[in-house]
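This is what each chain is made of:
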Amino acid sequence: QVQLVESGGGLVQPGGSLRLSCAASGTIFSIYAMGWYRQAPGKQRELVAHITSGGSTRYAGSVKGRFTASRDNAKNTVYLQMNSLKPEDTAVYYCNAGQVSGGTYYAYDYWGQGTQVTVSS
């Protein structure tokens, strides 16, 4: 069983930055790939970034060059650094534990509660 707790969301002006954290417990964190998803009102949940157990990352086109995923296995924590934020980045952000195969991220049914990110002036 994996428990995930996100933090770090909030209200930020366009062009600003936030860093989200996701703390994991109840498992050997280092064996999992981790994904960051977001869900805006009225839209489907989308994968914005994933990071493998070895630290390789992949990003959705809409965030590439602005968001950076990282992990600290000693702290059982994964991060999402978000820069140059845009109003369209407004969403609830979730972390997930999963696996990567052939470059594709597959989500296990382990989700945090989500953290709200609002980008507005």
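Structure first, text after, so check above.
Residues numbered from 1 in each chain as written. Predicted model: local features only at pLDDT ≥ 70, side-chain atom pairs only at ≥ 80, totals over all residues. Heavy atoms only, no water.

Participant: Please set out the pairing of strand β4 (residues 33–39) residue by residue, giving values where relevant.
Facilitator: Across the seven residues of β4, six count as buried, placing the element largely inside the fold. Two elements, β4 and strand β9 (residues 91–101), share seven bridges in a ladder whose sense is antiparallel. Looking across to β9, one finds that arginine 38 is bridged to tyrosine 93. As paired strands, β4 and strand β5 (residues 46–51) are joined by five bridges and run antiparallel to one another. Counted as the bridge partner of tryptophan 36 is alanine 49 from β5. Linking two consecutive strands that pair antiparallel, namely β4 and β5, is a turn of six residues; a positive phi of about 75° is found at glycine 42 within it. (Buried < 20%, exposed > 50% of the residue type's maximum accessible area, 1.4 Å probe, protein only. Helix = DSSP H or I, 4+ residues; strand = E, 2+ residues; numbered from the N terminus. Pairing = 2+ DSSP bridges.)

Participant: Please set out the side chain of arginine 38 residue by residue, giving values where relevant.
Facilitator: Along the chain, arginine 38 turns up in strand β4. A distance of 2.7 Å separates a polar atom in the side chain of arginine 38 from a polar atom in the side chain of glutamate 46. A distance of 3.4 Å separates polar atoms of two side chains, one belonging to arginine 38 and the other to serine 62. Among residues more than four places away in sequence, those in contact with arginine 38 are Gln44, Arg45, Glu46, Val48, Ser62, Val63, Phe67, Glu88, Asp89, Ala91, Val92 and Tyr93. (Polar contact = N/O pair within 3.5 Å; in protein donor to acceptor, adjacent residues only side chain to side chain. Contact = heavy atoms within 4.5 Å.)

Participant: Any chance you could break down the packing of aromatic side chains for me, citing the residues and the numbers?
Facilitator: What the rule picks out here adds up to six aromatic pairs. Between the aromatic rings of tyrosine 32 and tyrosine 110, the centroid separation amounts to 6.3 Å while the plane-to-plane angle is 90°, which identifies the pairing as edge-to-face. Separated by 78 residues along the polypeptide, tyrosine 32 in the loop between β3 (18–25) and β4 and tyrosine 110 in strand β10 (residues 104–111) bring together distant segments of the chain. Residue classification places tyrosine 32 among the buried positions, given a relative accessible area of 12%. (Phe/Tyr/Trp six-rings, centres within 6.5 Å; stacked < 30°, edge-to-face > 60°.)

Participant: Outline the pattern of salt bridges, supporting the account with residue identities and numerical values.
Facilitator: Following the criterion strictly, the structure yields three salt bridges and no others. Measuring nitrogen to oxygen at the nearest pair gives 2.7 Å for the salt bridge that ties arginine 38 to glutamate 46. A residue is classified by how much of its surface remains accessible, and arginine 38, at 6% relative accessible area, is buried. Glutamate 46 sits in the partly exposed class, given a relative accessible area of 34%. Note that arginine 66 is salt-bridged to aspartate 89, the shortest N-O span being 2.7 Å. Residue arginine 66 is found in the loop between β6 (57–59) and β7 (67–72), and its partner aspartate 89 is found in the loop between β8 (77–82) and β9; the two are separated by 23 residues along the sequence. Judged by its relative accessible area of 0%, aspartate 89 falls in the buried class. (Salt bridge = Lys/Arg side-chain N within 4 Å of Asp/Glu carboxyl O.)

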